[in-house]
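In case you want the letters, here they are:
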Amino acid sequence: MKLIIGSKEDVSAQAAQRYVELLGKKPDAVLGLATGSTPLALYAELARLCAEGKVSFARAKSYNLDEYIGLDGSHDQSYRYFMDHNLFQHIDIKPENTHVPSGFVKDDEEAARYDAEIDAAGGIDLQLLGIGNNGHIGFNEPLTPFTSVTHIVKLTDSTREANKRFFSSLDEVPTHAVTMGIHTVMKARSIMLLAFGEGKAEIIKKTVQGRPDTAVPASLLQLHEDVTLYLDEAAASKLS
Ligand code: GLP
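Heads up: these notes are all about the structure in this document. (Residues numbered from 1 in each chain as written. Predicted model: local features only at pLDDT ≥ 70, side-chain atom pairs only at ≥ 80, totals over all residues. Heavy atoms only, no water.)

1. A short note on the overall build of the chain
Next up, step 1: Regarding its fold elements, the chain presents 8 helices and 10 strands.
Next up, step 2: In summary, the chain has a C-alpha radius of gyration of 17 Å against a globular reference of 18 Å for 240 residues, a match within 12%.
Next up, step 3: Within the chain, contacts between residues separated by at least 24 positions form 80% of all contacts whose residues are at least 6 apart in sequence.
Next up, step 4: When the accessible area of the chain is evaluated, it comes to approximately 10600 Å², of which 51% is carbon and sulfur surface.
Next up, step 5: If the 24 positive side-chain charges of the chain are averaged to one point and the 33 negative ones to another, these points end up 4 Å apart. (Helix = DSSP H or I, 4+ residues; strand = E, 2+ residues; numbered from the N terminus. Rg over C-alpha atoms; globule rule 2.2 N^0.38 Å. Contact = heavy atoms within 4.5 Å. Areas by Shrake-Rupley, 256 points an atom, 1.4 Å probe, with all protein chains shown as cover. Lys, Arg positive; Asp, Glu negative; His and termini not counted. Charge placed at Lys NZ, Arg CZ, Asp CG, Glu CD.)

Next up, the structure:
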């Protein structure tokens, strides 16, 4: 794993340059995108670079990691809504080229079609990840199998509790989500994981210095050959 450590603004700007380089070489690249508070500075930087003509997403395709079960794109806590408002409306990507898993899939067989769509698009060139406090990537909670493809998950109490801040009450936080699996993520040619703040320090230590183990899904990224972590000083503070 490669580590890039600096201020949140600096590392987010460096992460944004990865898109400038990739799309410069391959304008029709396939991007794996993420939600959460972590990528917001990166998304703002991409919007700025796009407005200045330094990057174009006009031929790119995007596939988001996950979505809550039962929320459609008009719900302000759906991940489709998040992506439209925080990125897609501010860059030149074609709406029809943006994909977020459907929150209305009935079963895992239907969910897994998302992997087939990604494969048909040529596979993900650059996958962006955040990290949950328990090491989840996307919504792949601890003990998700290494071989998992896009599937429906029951969210852990700790994840629902962590995400409660965005809803009016815990009861409103969906109990299930659909997420790319670990295998889906590991198939990406290149992976970037962003983490900021002291609250992520312990899980970043386990991710980087722990033994790769499904108990900490992000630690499995050690087994991928092209992963870069973009951390602020606080998130990196427990690394030795
Ligand atoms: C959610 C998302 C993850 C994200 C995590 C961390 O659970 N499914 O993809 O990485 O939150 O969120 P934040 O970036 O707000 O800390």
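The structure having been displayed, the exposition proceeds.
2. So, the site of the ligand
Next up, step 1: As a structural note, the neighbourhood of the ligand is formed by 13 residues, with S37, T38, D66, H136 and K200 the closest of them.
Next up, step 2: S37 places a polar side-chain atom, nitrogen or oxygen, 2.6 Å from an oxygen atom of the ligand.
Next up, step 3: Taken by itself the ligand offers 390 Å² of open surface, and the protein chains cover 94% of this.
Next up, step 4: At a threshold of 2 Å from the grid points, most atoms of the ligand map onto the largest pocket.
Next up, step 5: Split into classes, the residues belonging to the shell around the ligand amount to 3 nonpolar, 7 polar and 3 charged. (Near = heavy atom within 4 Å. Polar contact = N/O pair within 3.5 Å; in protein donor to acceptor, adjacent residues only side chain to side chain. 1 Å grid on protein atoms, 1.4 Å probe; cavity = no way out; pocket = protein on both sides within 12 Å on 5 of 7 lines; lining within 4 Å. Sits in = over half its atoms within 2 Å of the grid points. Nonpolar A, V, L, I, M, F, W, Y, C, P; charged D, E, K, R; others polar.)

3. What to know about the pattern of salt bridges
Next up, step 1: The full count for this structure, using the stated rule, is 11 salt bridges.
Next up, step 2: The partner of R80 in a salt bridge is D84, and the shortest N-O contact between them spans 2.9 Å. Of the two residues, R80 and D84 both sit in helix α3 (residues 79-86), 4 residues apart, roughly one turn of that helix.
Next up, step 3: It is possible to trace a salt-bridge network through shared partners that takes in E45, R48, E52 and K54. (Salt bridge = Lys/Arg side-chain N within 4 Å of Asp/Glu carboxyl O.)

4. Points about the nonpolar core
Next up, step 1: Core analysis: the largest hydrophobic core is formed by 60 residues, its most contacted members being Y19, L42, Y43, F57, L193 and L221.
Next up, step 2: In terms of residue count, the dominant contributor to this core is helix α1 (residues 8-25) (6 residues).
Next up, step 3: Apart from residues lying up to four places away in sequence, Y19 is in contact with G24, L31, L33, L42, L46, V55, F57, L126, L128 and M192. (Core = buried A, V, L, I, M, F, W, Y, C linked by side-chain atoms within 4.5 Å. Buried < 20%, exposed > 50% of the residue type's maximum accessible area, 1.4 Å probe, protein only.)

5. Let's talk about α1
Next up, step 1: In a regular helix each residue adds 1.5 Å, so 18 residues correspond to 26 Å; α1 covers 26 Å between its end C-alpha atoms and thus fits that length.
Next up, step 2: Inspection of α1 places V11, S12, A15, A16, R18, Y19, L22 and L23 among the buried residues, and these make up the whole buried set. Here the buried residues of α1 occupy an arc of 145° about the axis, which is enough to place them on one side. Facing away from the buried surface of α1 by more than 90 degrees, the exposed residues are E9, G24 and K25.
Next up, step 3: Taken together, the buried residues of α1 touch β1 (2-6), β2 (30-33), α2 (40-51), β6 (126-129), β9 (190-195) and β10 (227-232). (Expected span 1.5 Å × (residues − 1). Arc of directions from axis to C-beta.)

6. Quick look at the environment of K187
Next up, step 1: For K187, the location among the structural elements is in the loop between α7 (182-186) and β9.
Next up, step 2: Among the residues examined, K187 registers a relative accessible area of 37% and is labelled partly exposed.
Next up, step 3: As for K187 and H224, which are separated by 37 residues in sequence, their C-alpha atoms are 8.7 Å apart.
Next up, step 4: When residues no more than four places from it in sequence are discounted, the contact partners of K187 are D115 and D119.
Next up, step 5: Only 3.1 Å separates the side chain of K187 from the side chain of D119, close enough to count as a polar contact.

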